[in-house]
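Inside the fold
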Protein chains: 2
Amino acid sequence: MKFPSAGGRHLNPDPASSVCVTNLMRGMGVAARAAAPKIRLAGADTRTAAIAAMARAIRAGAEPILAANRVDMLAGAEAGLSPSMLDRLFLDATRLAGIAAALDDIAALPDPLGPAPLGTELARWSRPNGLDIARVAVPIGVIGIIFEARPNVVADAAALCLRAGNCAILRAGSEAFATATAIHAALRSALRDTGLPEAAIGLVPITDRAAVGEMLTGLDGALDLLIPRGGKSLVERVQKEARIAVLSHLEGICHTYIHRAADREMAVRIALNAKMRRTGLCGATECLLIDQDCADELLPAIAAALLAAGCELRGDAWACEIVPAMIPARPEDWGHEFLAPILAIRVVDDLDSAMDHIARFGSAHTECIVTENQEAAARFLAEVDSAIVLHNASTQFADGGEFGMGAEIGIATGRLHARGPVGARELTTFKYVLRGTGQIRPG
Amino acid sequence: MKFPSAGGRHLNPDPASSVCVTNLMRGMGVAARAAAPKIRLAGADTRTAAIAAMARAIRAGAEPILAANRVDMLAGAEAGLSPSMLDRLFLDATRLAGIAAALDDIAALPDPLGPAPLGTELARWSRPNGLDIARVAVPIGVIGIIFEARPNVVADAAALCLRAGNCAILRAGSEAFATATAIHAALRSALRDTGLPEAAIGLVPITDRAAVGEMLTGLDGALDLLIPRGGKSLVERVQKEARIAVLSHLEGICHTYIHRAADREMAVRIALNAKMRRTGLCGATECLLIDQDCADELLPAIAAALLAAGCELRGDAWACEIVPAMIPARPEDWGHEFLAPILAIRVVDDLDSAMDHIARFGSAHTECIVTENQEAAARFLAEVDSAIVLHNASTQFADGGEFGMGAEIGIATGRLHARGPVGARELTTFKYVLRGTGQIRPG
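This is a predicted model, so every value here is computed, not measured. (Residues numbered from 1 in each chain as written. Chains lettered and ligands numbered in written order. Predicted model: local features only at pLDDT ≥ 70, side-chain atom pairs only at ≥ 80, totals over all residues.)

Here we take up the overall build of chain A. Within chain A, the secondary structure is distributed over 15 helices and 16 strands. The C-alpha radius of gyration computed for chain A amounts to 24 Å, which stays within 12% of the reference 22 Å derived for 443 residues, consistent with globular compactness. When its C-alpha atoms are laid out on the principal axes, chain A stretches across 70 × 65 × 40 Å. Counting the 443 residues in chain A, one finds 56% classified as buried. (Helix = DSSP H or I, 4+ residues; strand = E, 2+ residues; numbered from the N terminus. Rg over C-alpha atoms; globule rule 2.2 N^0.38 Å. Buried ≥ 20, exposed ≤ 12 C-beta atoms within 10 Å, placed from the backbone.)

Written out as structure tokens, the structure is:
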């Protein structure tokens, strides 16, 4: 149970009132479920208009949103939030303009359901009895999004859900509660102005942790999917406790493997970018593997570039021998997500050893091979069973925008429904439409 | 805890040995996980050869399989299994030939991964920076299948998982344990003969219910998906307690809606077939809705056909007034899965009332509209949010074979990953393969 100080405008029920939280949350579920057919059947143009109206409402509501953010920032500083947490929470005019611009981008995305109430045909075929079968795209339904400090998630997630014809129930961390509430008010006004039900995008109006517990059980059937957005402990809790489907990634323990036939200059360039462009991204490389055949020649150049960029290198015994400036890696450095300028480095025997290391220590997120040998590349791409595998390109491309998907709601490392960047298309599912002329089934 | 008498050849650990069950099950998980890359990368021809070899092994092993089935049948009769349960359990030469023939059918299905180790390309595009992005089909991985009495599930499920490049861990109900063990021995010999690891298709060698509990938690990450095959209580338990992804349907509460513009003869024909062709199928219609505008004229003919076929009719007040031979429906008859020659019948105001009834009482499985009015049909097909919606065709077409998918492992009524019949294609997922020429991500 948490009693946040931010704003004091939201309910803080005591532990005895868990029935009250259950009722509140289920009520939100019923409202979202009732709104779902209207969003699903609205057609692409209406959804586009609503998302564009959201962008305008955010711009028009800048003043109350920034004021609410100051409340959260003050409360966060008082509560002793870390500088990086406060930075994630912070909004100014520029960042808010960025949020509105992202909504415009999502409004411009192709609608995965298409213009008509009946979704885009994904496949269509006929049976010998004349039955016509079509697989058509439909929204998933009502999506629960549990996030922490980043206020932009309210707008991004809501718009992306809407783009794919879904409703959303958002639960903000207590740190971002005032800001999220202000942004949500703008989104609601946009829905109202477009003639769509406001309940299509709900924000949980309390910070009580029991609300998360309710969402994990699916709100009595009202939620079809949960997406956690935040730190490892949040994602871990959702993955562990959710009784409904979850799309998420817990960790991005990404590997870059320098094969013996790597182009020297390319290997240095990719290793540097994969690790250091942004060390906090889930697609940042956390471990570099390098073939023993080329380690003597190549590792010093790679290490020099990384050290010059301020990266700490933790090598196995062999790597430390080649580059004495490395720190000896501890066993727990393999398979560790540093999210920092720290890189684990291991010298491997060959392609098979590299793939064994990845299978053992990776998180099935993103792995890269750098090589000019097409056969080795083909084996790596086929055999490494991660959501994203790359040949001769930086792991930092693990991003929906870089894939050309426009916005993404996250990266999925599970195996069902969607893997890799989750965009609007991945927020849809399908149904079968069968058109007959009176066919009955014989036998 | 259950101590089945069948055969006496399997372990019956006492409750104190739950650590032993955990170790056994996790060992099976580790073995299947280790086998998974070999199955995944084997290529279509090898998988086809293995499935064809399974069919041959079943035929060659008919004698021990039928002997084992006699053991199960005797134990089942002693234990007082219902006649329908005993019928599901029973095998003779004809039924066993049917199991082998089904394997031949699955061997002939197109392989959803394609011939090469790298799966079939589902999509491929290029980015302005020259990065080439492909979405390729890959297997889900290791699939857990929990079933009850039908021994054919061992062969069907194993072969369908293999067709899509997956491994499987099967858990048979104690009723079918001896038969399942004998069939499994044949499947293993076929894997061995094809040079594939036997652990690719595991059968839990105990009937202890704790084994199911272990599978529900995913065997420490070894299981990617659970598929329950059996009665409602089994599916309900799996849906409620599983901590990993599940593809299943709990109930098929299917509706046939006779719109006022229905063709009279077609309405009678479809209603009769949808209910009575096989009443025990999940695609059998359980509730008939009929427009008030045509009920006076049409319902007597529909009722007469159903009554003549031996169907009990439970109508609302209006329907009973039109057809006095009907029994008044009780509230619990709406949304009830009879799986028997019993049909609930309600007279509705119009299309909207019919769709409201379906949204409230249906199980999102399969619903049909019978009408000559294209506009009404279009609305029904778009607005009814079930896995399968039909216009002018029997709900009994809800079947992978009838869809042209060859074999199916079941029907999914959840919303994620797959809906409707689950065939080989639905037992795959995808990954992204990015091919570059040294691209690094700017910014």
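Attention shifts here to the domain arrangement of chain A. We note that the domain assignment places domain 1 (17–241) and domain 2 (254–401) within chain A. The C-alpha centroid of domain 2 of chain A is placed 36 Å from the C-alpha centroid of domain 1 of chain A. (Domains from an automatic or database assignment.)

What follows deals with the relation of the copies chain A and chain B. Overlay of chain A on chain B (RMSD 0.0 Å): rotation 180°, translation along the axis 0.0 Å. As the rotation angle and translation indicate, the two copies are arranged about a two-fold axis. For chain A, the residue whose C-alpha comes nearest the rotation axis is His417 of chain A, separated from it by 1.9 Å. Comparing interface residues between copies, 100% of those in chain A also sit at the interface in chain B, which points to an isologous, same-surface contact. (Least-squares fit on C-alpha atoms with pLDDT ≥ 70 in both. Contact = placed C-beta atoms within 7 Å.)

Turning next to the nonpolar core. In this structure, Met54 of chain A together with Met54 of chain B are the most contacted members of the largest nonpolar core, which totals 316 residues. Apart from the residues within four sequence positions on either side, Met54 of chain A is in contact with Leu103, Ala155, Ala159, Ala186, Leu187 and Ala190 of chain A. (Core = buried A, V, L, I, M, F, W, Y, C linked by C-beta atoms within 7 Å.)

A word on the interface of chain A and chain B. Every contact between the two is made by 56 residues of chain A and, on the other side, 56 residues of chain B. At the level of secondary structure, the elements contributing two or more residues to the side of chain A that touches chain B comprise strand 2 (132–139), helix 10 (264–276), helix 14 (374–383), strand 13 (388–393), helix 15 (400–403) and strand 16 (428–439) of chain A. With 11 residues, the top contributor of residues to the side of chain A that touches chain B is strand 16 of chain A. Split by residue class, the side of chain A that touches chain B holds 29 nonpolar, 15 polar and 12 charged. Examined bridge by bridge, strand 13 of chain A and strand 16 (residues 428–439) of chain B share five bridges and lie parallel to one another. (Nonpolar A, V, L, I, M, F, W, Y, C, P; charged D, E, K, R; others polar. Pairing = 2+ DSSP bridges.)

The next subject is helix 13 (residues 351–361) of chain B. All names here are of chain B. Those residues of helix 13 that fall on the buried side of the exposure criterion are Leu351, Ala354, Met355 and Ile358. Across the axial projection of helix 13, the buried residues extend over an arc of 95°, all falling on one side. The outward face of helix 13, more than 90 degrees from its buried face, is lined by the exposed residues Asp352 and Arg360. Where helix 13 is buried, its residues meet strand 7 (254–258), strand 8 (285–291), strand 11 (342–348), strand 12 (366–370) and helix 14 (374–383). (Arc of directions from axis to C-beta.)

Another aspect to go through is the confidence of the model for chain A. Detailed reading of the predicted coordinates is not advisable wherever pLDDT is low. For chain A, the average pLDDT comes to 94, and 96% of its residues sit at 70 or higher. The model gives residues 1–13 of chain A a pLDDT under 50, and that stretch makes 32 contacts with residues more than four places away or in other chains. (pLDDT = per-residue confidence, 0-100.)

All names here are of chain A. Taken in spatial order, the four strands line up as 5-4-3-6 in an open sheet, and their pairing is parallel. Looking at strand neighbours, the two that pair on one side only are strand 5 (201–203) and strand 6 (225–229), the edges of this open sheet. Direction aside, the axes of adjacent strands within the sheet are offset by 20° on average. Relative to strand 4 (residues 167–171), strand 3 (residues 142–147) is paired through five bridges, and the arrangement is parallel. Residue pairing in the sheet places Val142 in a bridge with Cys167 of strand 4. Where helix 6 (residues 152–163) meets the sheet, its contacts fall on strand 3, strand 4, strand 5 and strand 6, and the angle it forms with strand 4 comes to roughly 160°. In the packing of helix 9 (residues 232–241) onto the sheet, the strands contacted are strand 3 and strand 6, and the crossing angle to strand 6 comes to about 160°. (Axes fitted to C-alpha atoms, helices over the stretch in contact; angles between N-to-C directions.)

Moving on: unusual backbone geometry. Positive phi is not limited to glycine here, since Asn392 of chain A has a value of about 55°. In this fold, Asn392 of chain A is placed in strand 13. Phi angles above zero are rare outside glycine, and Ala364 of chain B is one such case at about 60°. Note on placement: Ala364 of chain B falls in the loop between helix 13 and strand 12.

A few words now on the packing of helix 2 (residues 44–60) of chain A against helix 6 of chain A. All names here are of chain A. The contact between helix 2 and helix 6 brings their axes to 9 Å, and the two run at 165°. Classified by the angle between their axes, helix 2 and helix 6 sit roughly antiparallel to one another. The crossing of helix 2 and helix 6 is right-handed. Facing Arg47, Ala50, Ile51, Met54 and Ile58 of helix 2, the residues of helix 6 in contact are Ala155, Ala159, Leu162 and Arg163. (Parallel < 35°, antiparallel > 145°, perpendicular 65-115°, else oblique. Left-handed = near helix turned anticlockwise from the far one by under 90°.)

Residues and elements named next belong to chain A. Over its 12 residues, helix 6 extends 16 Å from the first C-alpha to the last, a length consistent with the 16 Å expected when each residue adds 1.5 Å. Of all 12 residues that make up helix 6, 12 are buried, and the element is covered over most of its length. Residues Asn152, Val153, Val154, Ala155, Asp156, Ala157, Ala158, Ala159, Leu160, Cys161, Leu162 and Arg163 constitute the buried set of helix 6. Just downstream of helix 6 lies Gly165, where phi reads positive at about 80°. (Expected span 1.5 Å × (residues − 1).)

Residue and element names in this part refer to chain A. Summarising the element assignment, Ala284 is placed in the loop between helix 10 and strand 8 (285–291). The spatial distance from the C-alpha of Ala284 to the C-alpha of Arg40 is 36 Å, given a sequence separation of 244 residues. With residues up to four places along the chain from it excluded, the contact list for Ala284 reads Cys254, Ala274, Lys275, Arg278, Thr279, Thr395 and Gln396.

Quick look at the sheet that holds strand 6 (residues 225–229) of chain B now. Residues and elements named next belong to chain B. Pairing within the open sheet is parallel, and its four strands lie in the order 5-4-3-6. Each of the sheet's edge strands pairs with one partner strand only, and the pair in question is strand 5 (201–203) and strand 6. Taken over all neighbouring pairs, the strand axes of this sheet differ in orientation by 20° on average, direction set aside. Bridge count for strand 3 (residues 142–147) against strand 6 is five bridges, and the pairing is parallel. Paired with Phe147 across the strands is Arg229, a residue of strand 6. On the sheet, helix 1 (residues 18–40) packs against strand 3, strand 4 (167–171) and strand 5 and is oriented at approximately 145° with respect to strand 4.

With that settled, consider the pairing of strand 3 of chain B. All names here are of chain B. Of all the six residues making up strand 3, six are buried; the element is thus mostly covered by neighbouring parts of the structure. With burial as the criterion, each face of strand 3 is covered, one bearing Val142, Gly144 and Ile146 and the other bearing Ile143, Ile145 and Phe147. Handedness of the crossover joining strand 3 and strand 4 through helix 6 (residues 152–163) is recorded here as right-handed. (Right-handed = clockwise from strand over helix to strand, strands pointing away.)

All names here are of chain A. Counting buried positions over the five residues of strand 12 (residues 366–370) gives five, a clear majority of the element. The side-chain alternation of strand 12 yields two buried faces, one formed by Thr366, Cys368 and Val370 and the other by Glu367 and Ile369. Pairing of strand 7 (residues 254–258) with strand 12, which is carried by four bridges, proceeds in the parallel orientation. Counted as the bridge partner of His255 is Glu367 from strand 12. With four bridges joining them, strand 12 and strand 13 adopt parallel strand pairing. If you follow Thr366 over to strand 13, its bridge partner there is Ile388.

For any two helices packed against each other, the geometry is given by the interaxial angle and the distance between the axes. Residue and element names in this part refer to chain A. At a minimum axis separation of 8 Å, helix 2 and helix 7 (residues 177–193) run at an interaxial angle of 135°. Classed by the angle they form, the pair helix 2 and helix 7 counts as oblique. Note that helix 2 runs across helix 7; the crossing there is right-handed. Taken together, the residues of helix 7 that come into contact with helix 2 (itself represented by Ala50, Ala53, Met54, Ala57 and Ile58) are Ile183, Ala186, Leu187, Ser189, Ala190, Leu191 and Asp193.

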